[in-house]
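# Structure at a glance
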Amino acid sequence: MRFPLLLVVLLMSSVLFSQRTERGFGTVHLEKHNFQLNLLLPGFQYEFGLLPNLTVGAEVGLSLATPSEGYSIAPAYRAFSRYYHNLKSRARQGKNVSGNSGNYFSVSFQQFFVEWELFGNLDNEGLDLNFLGVLYGIQRSYGNGFAFGLEAGAGNYFRNRMTGGIGPVFNLRISWNPFLKKKPKGPPGFEQ
């Protein structure tokens, strides 16, 4: 009984803190909502600014899986959390931080639907392939709405809760945000 209560208290405090830090109290560097269409492998990504340096998000589209038994380019969805560690220093140096342009550490869960793979050599055992791991990445956004993202790491590939082994992960993203509005001029990193 105590664990669910503690979880609710932690969740409520993070929600209250995230609302308190918006608009004048803190998160001037992260976008509250960041939507991107992936142009390299068709799909889309949504990222939500939760705390001053922390985002959570989801991605749906084609993706590359590289477990030890082979590879697969298949439809997939991914849930992730990113901790951006260099936004303040980028803003101090006058570098762009809009569109969450920065370097980050990420925890990622991804499910690949290998029965619908377009290319690859994985056996379709009737089980989807899952990945849970950690990544390091960079993301750069430009004024015209285009963005570039690169991340790499390692994690556990598994099927139906059975361990499949540790494997690498590599994501390259060239994307476009159709909802990007021109940012007002102001001090570096200033956003409204």
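Use the structure listed above.
My aim in this report is to walk through the structure given alongside it, one point at a time. (Residues numbered from 1 in each chain as written. Predicted model: local features only at pLDDT ≥ 70, side-chain atom pairs only at ≥ 80, totals over all residues. Heavy atoms only, no water.)

This brings us to the overall build of the chain. Each helix and strand counted, the chain has 2 helices and 9 strands in total. Secondary structure elements of the chain occur, N-terminal to C-terminal, as α-β-β-β-β-α-β-β-β-β-β. For the chain, the proportion of its 192 residues judged to be buried stands at 38%. Within the chain, counting contacts between residues at least 6 apart in sequence, those at least 24 apart form 59% of the total. Of the roughly 11100 Å² of accessible surface on the chain, a fraction of 67% belongs to carbon and sulfur atoms. (Helix = DSSP H or I, 4+ residues; strand = E, 2+ residues; numbered from the N terminus. Buried < 20%, exposed > 50% of the residue type's maximum accessible area, 1.4 Å probe, protein only. Contact = heavy atoms within 4.5 Å. Areas by Shrake-Rupley, 256 points an atom, 1.4 Å probe, with all protein chains shown as cover.)

Here we come to the nonpolar core. Of all hydrophobic cores here, the largest spans 10 residues; its members are Ala65, Ala76, Phe112, Val114, Leu122, Leu129, Phe131, Leu135, Tyr157 and Val169. Sort the elements by how many residues they give to this core and strand 7 (residues 129–141) lands first, with 3 residues. Excluding residues within four positions of it along the chain, Phe112 makes contact with Ser63, Leu64, Ala65, Pro75, Ala76, Asp128, Leu129, Phe131 and Tyr157. Counting 6 residues, the second largest nonpolar core, distinct from the first, contains Leu30, Ala91, Val97 and Tyr104. (Core = buried A, V, L, I, M, F, W, Y, C linked by side-chain atoms within 4.5 Å.)

With that out of the way, let us pick up empty space enclosed by the protein. Under the defined criterion, the tally for this structure stands at 1 cavity of 30 Å³ or more. A volume near 50 Å³ is recorded for the largest cavity. Around the largest cavity, the lining residues are Asn34, Gln36, Gly99, Ser141, Tyr142, Gly145, Phe146, Ala147, Asn177 and Leu180. Counting only elements with at least two residues in the lining of the largest cavity, the list comes to strand 1 (33–38) and strand 8 (146–159). (1 Å grid on protein atoms, 1.4 Å probe; cavity = no way out; pocket = protein on both sides within 12 Å on 5 of 7 lines; lining within 4 Å. Points joined across faces, edges and corners; volume = space filled by probe spheres on them.)

Here the focus is a nonpolar patch on the surface. The grouping of Leu39, Leu40, Tyr142, Phe146, Leu150, Phe170, Leu172, Ile174 and Trp176 at the surface amounts to a nonpolar patch, some 790 Å² of accessible area in total. Of all the secondary structure elements, the ones that give two or more residues to the nonpolar patch are strand 8 and strand 9 (162–176). No other element matches strand 9, which puts 4 residues into the nonpolar patch. In this fold, Trp176 is placed in strand 9. When its relative accessible area of 31% is taken as the criterion, Trp176 is described as partly exposed. (Patch = residues over 30% accessible without salt bridge, like charges linked within 9 Å, V, L, I, M, F, W, Y side chains within 5 Å. Salt bridge = Lys/Arg side-chain N within 4 Å of Asp/Glu carboxyl O.)

What follows is about the side chain of Glu59. Note that Glu59 resides in strand 3 (residues 54–65). On the accessibility criterion, Glu59 (17% relative accessible area) is buried. At 2.7 Å, the side chain of Glu59 forms a polar contact with the side chain of Arg78. If sequence neighbours within four positions are ignored, Glu59 has contacts with Asn38, Phe44, Gln45, Ala76, Tyr77, Arg78, Phe80 and Arg173. (Polar contact = N/O pair within 3.5 Å; in protein donor to acceptor, adjacent residues only side chain to side chain.)

By the element assignment, Leu50 lies in strand 2 (residues 43–51). On the basis of relative accessibility, which here comes to 21%, the residue Leu50 falls in the partly exposed class. Between the C-alpha atom of Leu50 and that of Leu30, which follows or precedes it by 20 residues, the distance is 8.9 Å.

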